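Structural overview for review
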Amino acid sequence: MKKVMAIIKKKALILIGIVVGAVGGYLYWRYVGCSSSNCPITSSPLWSSVWGAISGGLFFDMFKKKEK
């Protein structure tokens with residue numbers, strides 16, 4: 001259990017980015033998204049949330065401190 005908590009603590013910023021991105025992707029689908037099925041990312045709440053989570057994780061990963 002201590003090992004899992006250490007990993008979560010080490011990757012906390014990325015995990016927060018994933019959650020924020022997923023919520024942002026869902027909100028984008030809800031309020032802006034494509035009403036037809038011509039837009040593969042924004043026509044589905046699942047794909048919009050997945051792409052938001054990936055983007056959020058990558059974006060928040062830029063701000064982590066470098067290990068020595």
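Figured I'd write up the structure that's included with this text. This one's a predicted model, so the numbers in the text were calculated from it and none came from an experiment.

**Overview of the pattern of salt bridges**
Taken as a whole, this structure holds 1 salt bridge when the rule is applied. Salt-bridge contacts for K64 lead to D61; the nearest nitrogen and oxygen are separated by 3.4 Å. Overall, D61 belongs to the partly exposed group, its relative accessible area being 27%.

**Concerning the state of the cysteines**
Tallied over the entire structure, the rule returns 1 disulfide. Residue C34 pairs covalently with C39 via a disulfide, S to S 2.3 Å. Looking down the S-S bond of the C34 and C39 bridge, the torsion is 55 degrees, so its handedness is right-handed. Under the relative-accessibility criterion, C39 is labelled partly exposed at 26%.

Conventions we followed
Residues numbered from 1 in each chain as written. Predicted model: local features only at pLDDT ≥ 70, side-chain atom pairs only at ≥ 80, totals over all residues. Heavy atoms only, no water. Salt bridge = Lys/Arg side-chain N within 4 Å of Asp/Glu carboxyl O. Buried < 20%, exposed > 50% of the residue type's maximum accessible area, 1.4 Å probe, protein only. Disulfide = S-S within 2.5 Å.

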